[in-house]
Every structure is written in structure tokens, then in C-alpha cells.
Amino acid sequence: MSPIFEALAQPVRRDILDSLRSGPKSVNDLVTGLDVSQPVVSKHLRILREAGFVTVRVDAQRRWYQLRAEPLMEVADWLEPYRWMWERRLDLLGDHLDTMEAEES
């Protein structure tokens, strides 16, 4: 799983993954949306592709990058045993907000 976390370590790569959530994009689309140079985006896409986060489809002169869910599911599976840590805190926050709302009424 190490390559997966290494790929996620860079904020630019996470931004690329966020951008790909809405569907396949070309390198130029990503460059425009992220305001990062084409060589930088291409470098990070290569790393994401090698880690399995994206696939590439060649269409004439364009390369279309698409998000793959499997590595993200591996991350979610790895995080599962820790979920109780933040769910409990969210439950406490919800209780606190409910109490504040009741006091205001």
C-alpha cells in the first residue's frame, strides 16, 4: 500500500484526483483547472497512473485521464479501524449543537 500513500502525499496529486471526480479530463483541462504548468501536471499524472489511481485513454492527440476507485477503496479499508476516533467526536459535536439549538429556542 506504500505507493498509494506516497502518491497521495503531494497536494497537487490530491487536487488532480479531486478534479477527476467529475469525470475524465485531458491534461490541458487539468492544467487550466489547477493553474499548474503542463510538465508538472504530466509528472504527477504519471505517478498517479503508476500507483493505479488513474487510467489513460488515448484519443488521437489527446490523452484522457480517468479516476479509478480501487486504490481509494484500499485507503478507506485501511482507515476503517480508525473510523471510531472521528465518528465519536462527530457524535459529540452533534449532541453539543443540538443542546445549543435547544437552549436558543
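Residues numbered from 1 in each chain as written. Predicted model: local features only at pLDDT ≥ 70, side-chain atom pairs only at ≥ 80, totals over all residues. Heavy atoms only, no water.

- The name recorded for the protein in an unreviewed UniProt entry is Winged helix-turn-helix transcriptional regulator, from Antrihabitans stalagmiti.

Concerning the overall build of the protein
Next, step 1: On a plain count of helices and strands, the protein comes out with 6 helices and 3 strands.
Next, step 2: For the protein, the α and β elements follow one another from N to C terminus as α-α-β-α-α-β-β-α-α.
Next, step 3: Its C-alpha atoms give the protein a radius of gyration of 19 Å, more than 25% over the compact-globule value 13 Å for 105 residues.
Next, step 4: Taken along the three principal axes of its C-alpha coordinates, the protein extends 60 × 30 × 20 Å. (Helix = DSSP H or I, 4+ residues; strand = E, 2+ residues; numbered from the N terminus. Rg over C-alpha atoms; globule rule 2.2 N^0.38 Å.)

Some details on the nonpolar core
Next, step 1: Counting 18 residues, the largest nonpolar core has Ile-16, Val-41, Leu-45, Leu-48, Phe-53 and Val-54 as the members making the most contacts within it.
Next, step 2: If one sorts the elements of this core by residue count, helix α4 (residues 38-50) sits on top with 4 residues.
Next, step 3: The residues touching Leu-48, leaving out its near neighbours within four places in the chain, are Ala-7, Arg-13, Ile-16, Leu-17, Phe-53 and Val-54. (Core = buried A, V, L, I, M, F, W, Y, C linked by side-chain atoms within 4.5 Å. Buried < 20%, exposed > 50% of the residue type's maximum accessible area, 1.4 Å probe, protein only. Contact = heavy atoms within 4.5 Å.)

With respect to the sheet that holds strand β1 (residues 25-26)
Each strand in a sheet pairs with another by means of backbone hydrogen bonds, the pair being arranged parallel or else antiparallel.
Next, step 1: The strand order β1-β3-β2 describes an open sheet built from 3 strands, whose pairing is antiparallel. Among the strands making up the open sheet, the edge pair consists of β1 and β2 (54-59).
Next, step 2: As judged from the 2 bridges shared by β1 and strand β3 (residues 62-67), these two strands associate in the antiparallel manner. Note on β3: the bridge partner recorded for Lys-25 is Tyr-65.
Next, step 3: Across the sheet, helix α2 (residues 11-20) touches β1, β2 and β3, and the angle it forms with β3 is around 90°. (Pairing = 2+ DSSP bridges. Axes fitted to C-alpha atoms, helices over the stretch in contact; angles between N-to-C directions.)

What about the pairing of β2?
The side chains of a regular strand alternate, residue by residue, between the two faces of the sheet.
Next, step 1: Pairing geometry for β2 and β3, over 6 bridges, is antiparallel. Looking at the pairing, Val-54 lines up with Leu-67 of β3.
Next, step 2: Linking β2 to β3, which pair antiparallel, is a turn of 2 residues; within it Ala-60 sits at a positive phi near 60°.

Here's the deal with the pattern of salt bridges
Next, step 1: Under the counting rule described, the total for this entry stands at 3 salt bridges.
Next, step 2: Here Arg-46 and Glu-50 are joined by a salt bridge, their closest N and O atoms 3.4 Å apart. Of this pair, Arg-46 and Glu-50 both sit in helix α4, 4 residues apart, roughly one helical turn.
Next, step 3: According to the relative accessible area criterion, Glu-50 is exposed, its value standing at 58%.
Next, step 4: For Glu-80, the salt bridge identified is with Arg-83, shortest N-O distance 3.0 Å.
Next, step 5: Relative accessible area serves as the criterion here: at 43%, Glu-80 is assigned to the partly exposed category. (Salt bridge = Lys/Arg side-chain N within 4 Å of Asp/Glu carboxyl O.)

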